[in-house]
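Spelled out from the first residue to the last, the chains are:
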Amino acid sequence: QVQLVESGGGLVQAGGSLRLSCAASGGTFSRYNMAWFRQAPGKEREYVATINLSGDATSYTDSVEGRFTIFRDNAKNTVYLQMNSLKPEDTAVYYCAADSRRLWQFDYWGRGTEVTVSS
């Protein structure tokens, strides 16, 4: 059973930066595609970024392209989300997810870490 634990959220002013981390345990991390999702208050969960097994292929939703970077360290079983130039609309609970079957369908989820961006 894969367990994912996010950390690094907090309160930051607009224009600031945060780095989220997601530590994985209980499985073979290097075999999983990984992703970050977020859910803002009153809104549905949305995809933010994905990264493949080896970390050489990434994708981003349009609203974060050029500001956020997803990367992974397979030796540390950790995926990261570097968030720069934060905007109030980035305020959300951020979730890490793992795709253990390599189908780009995410079957394991963390509990989330809250990010609040003040204007």
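Description of the structure in this document.

Basis of the calculations
- Residues numbered from 1 in each chain as written.
- Predicted model: local features only at pLDDT ≥ 70, side-chain atom pairs only at ≥ 80, totals over all residues.
- Heavy atoms only, no water.
- Buried < 20%, exposed > 50% of the residue type's maximum accessible area, 1.4 Å probe, protein only.
- Helix = DSSP H or I, 4+ residues; strand = E, 2+ residues; numbered from the N terminus.
- Pairing = 2+ DSSP bridges.
- Phe/Tyr/Trp six-rings, centres within 6.5 Å; stacked < 30°, edge-to-face > 60°.
- Disulfide = S-S within 2.5 Å.
- Axes fitted to C-alpha atoms, helices over the stretch in contact; angles between N-to-C directions.

Of all seven residues making up strand β4 (residues 33-39), six are buried, and the element is well covered by its neighbours. With seven bridges connecting them, β4 and strand β9 (residues 92-99) associate as antiparallel partners. Looking across to β9, one finds that F37 is bridged to Y95.

What follows concerns the packing of aromatic side chains. Applying the stated criterion to the full structure yields four aromatic pairs. Considering the side-chain rings of F37 and F106, the 5.6 Å spacing of their centres and the 75° angle between planes classify their relative orientation as edge-to-face. Placement of the pair is F37 in strand β4 and F106 in the loop between β9 and β10 (108-109), with a sequence separation of 69 residues. Like F106, F37 is buried. Residues W104 and F106 carry aromatic rings whose centres are separated by 6.3 Å and whose planes lie at 65° to one another, so their mutual orientation is edge-to-face.

This paragraph deals with the state of the cysteines. Taken as a whole and judged by the stated rule, the model has one disulfide. One disulfide bridge connects C22 with C96, the sulfur atoms lying 2.0 Å from each other. Residues C22 and C96 are joined by a disulfide whose S-S torsion is about -70°; by sign, that bridge is left-handed. You can see C22 sitting in strand β3 (residues 18-25) and its partner C96 sitting in strand β9, a full 74 residues away along the chain. The exposure class of C22 is buried, given its relative accessible area of 0%.

Our focus in this paragraph is unusual backbone geometry. Even without being glycine, S85 reaches a positive phi, approximately 50°. Inspection of the secondary structure puts S85 in the loop between β8 (78-83) and β9. Relative accessible area serves as the criterion here: at 41%, S85 is assigned to the partly exposed category. Positive phi, normally seen in glycine, also occurs at W104, with a value near 55°. Counting through the fold element by element, W104 comes out in the loop between β9 and β10. For W104, a relative accessible area of 43% gives the class partly exposed.

Attention now moves to the sheet that holds β3. Strand pairing in a sheet is mediated by backbone hydrogen bonds. Such pairs are either parallel or antiparallel. The four strands lie next to each other as β1-β3-β8-β7, forming an open sheet whose pairing is antiparallel. In this open sheet, the two edge strands, each paired with only one partner strand, are β1 (3-7) and β7 (68-73). Strand-to-strand twist across the sheet, computed as the mean angle between neighbouring axes with direction ignored, equals 15°. Judged from the six bridges that link them, β7 and β8 form a sheet pairing that is antiparallel.

Here the focus is the side chain of N33. Its location among the elements puts N33 in strand β4. N33 sits in the buried class, given a relative accessible area of 4%.

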